[in-house]
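Report on the structure
Chain by chain, the residues run as shown.
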Amino acid sequence: MTNYLIDDAGWLRSVTAIPSPNFDSRPADARIQLIVVHGISLPPREFGGGYIQDFFCNRLTVDAHDYFPSICDLRVSAHCLIERDGGVIQFVSFLDRAWHAGVSNWHGNPACNDFSIGIELEGCDDIPYEARQYASLAALVTALRSRFSDIEADAIVGHSDIAPGRKTDPGPAFDWHCLHRLLQQADRERG
């Protein structure tokens, strides 16, 4: 399993960084205690093409696809994107608030962006995610839990868990058992 290292500024070492303008500071008293797993594909149900990166950086070419005019004015981001091949791209420092969760609630705490890290997987609700994505996600979650001790083992949720009825991702195609098995393996290896 890859070992990701997070520097003092909240950026992963040895991954591609594409800074997004869509972030701001977390509240001064915020403790990072939640990881939110998302699924995204642009255009819907299509992979590759760099459109997700463009979307998170406000440079999506509107006429590149019929779907894009409906989202081109949105200002969103995530801390990281895990592509279909398992490659990780970071858009926002983990120390900052990425705009990924929207209207949300976790254990009675609203505004999950304040205290969460958003990880997007390139995919959609009903197409299986790739084994390489699960491996990268497990390695990333392991690094985040090492760096941010307030993230408990049960604080890894889907977007649908914090915005039920509004969001469905990462969807039924996401294999939570696979992720938890990989995380348990990583915990055993760390001893």
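Residues numbered from 1 in each chain as written. Predicted model: local features only at pLDDT ≥ 70, side-chain atom pairs only at ≥ 80, totals over all residues. Heavy atoms only, no water.

Pairing is mixed in the open sheet, where six strands are placed in the order β1-β5-β4-β9-β3-β10. Here the strands that pair on one side only, and so sit at the sheet edges, are β1 (16-17) and β10 (156-158). Taken together, the three bridges between strand β3 (residues 34-40) and β10 define a ladder with parallel strand orientation. Counterpart to V36 in the pairing with β10 is V157. (Pairing = 2+ DSSP bridges. Helix = DSSP H or I, 4+ residues; strand = E, 2+ residues; numbered from the N terminus.)

Looking now at the packing of aromatic side chains. All chains considered together, the criterion is met by seven aromatic pairs. On the numbers, 5.2 Å between centres and 40° between planes, the contact of Y134 with F174 is tilted. Residue Y134 is located in helix α2 (residues 131-147), and its partner F174 is located in the loop between α3 (159-162) and α4 (176-190); the two are separated by 40 residues in the primary sequence. Y134 sits in the buried class, given a relative accessible area of 5%. The class for F174 is buried, based on a relative accessible area of 5%. Through successive ring pairs, a cluster of aromatic residues spans Y129, Y134, F174 and W176. Sitting over the face of the ring of F47, R84 holds its NZ or CZ atom 4.1 Å from the ring centroid. (Phe/Tyr/Trp six-rings, centres within 6.5 Å; stacked < 30°, edge-to-face > 60°. Buried < 20%, exposed > 50% of the residue type's maximum accessible area, 1.4 Å probe, protein only. Lys NZ or Arg CZ within 6 Å of the ring centre and 35° of its normal.)

Turning next to unusual backbone geometry. Cis rather than trans, the peptide bond between L42 and P43 has omega equal to -15°. Looking at where P43 falls in the secondary structure, it is placed in the loop between β3 and α1 (51-56). Here D169 and P170 are connected by a cis peptide whose omega angle stands at 5°. Positionally, P170 belongs in the loop between α3 and α4. A positive phi angle is found at S14, which is not glycine, with a value near 65°. Tracing the sequence through the fold places S14 in the segment before β1. Relative accessible area serves as the criterion here: at 74%, S14 is assigned to the exposed category. The phi angle at A111 is positive, at roughly 55°, despite the residue not being glycine. Counting through the fold element by element, A111 comes out in the loop between β8 (109-110) and β9 (116-122). Residue A111 is classed as partly exposed on the basis of its relative accessible area, which comes to 35%.

Here we come to the pattern of salt bridges. Once the charged atoms of two side chains with opposite charge are near each other, the side chains can pair. Per the counting criterion, the structure on display carries six salt bridges. In this structure, D126 engages R45 in a salt bridge whose closest nitrogen and oxygen atoms are separated by 2.5 Å. With a gap of 81 residues between them, D126 in the loop between β9 and α2 and R45 in the loop between β3 and α1 connect regions that are remote in the sequence. Using a relative accessible area of 47% as the deciding quantity, one classes R45 as partly exposed. A salt bridge links E130 to R84, with the nearest nitrogen and oxygen atoms 3.3 Å apart. With E130 in the loop between β9 and α2 and R84 in the loop between β4 (80-82) and β5 (88-90), this residue pair connects regions lying 46 residues apart in the sequence. Overlapping salt bridges bring together D24, R97 and D114 as one network. (Salt bridge = Lys/Arg side-chain N within 4 Å of Asp/Glu carboxyl O.)

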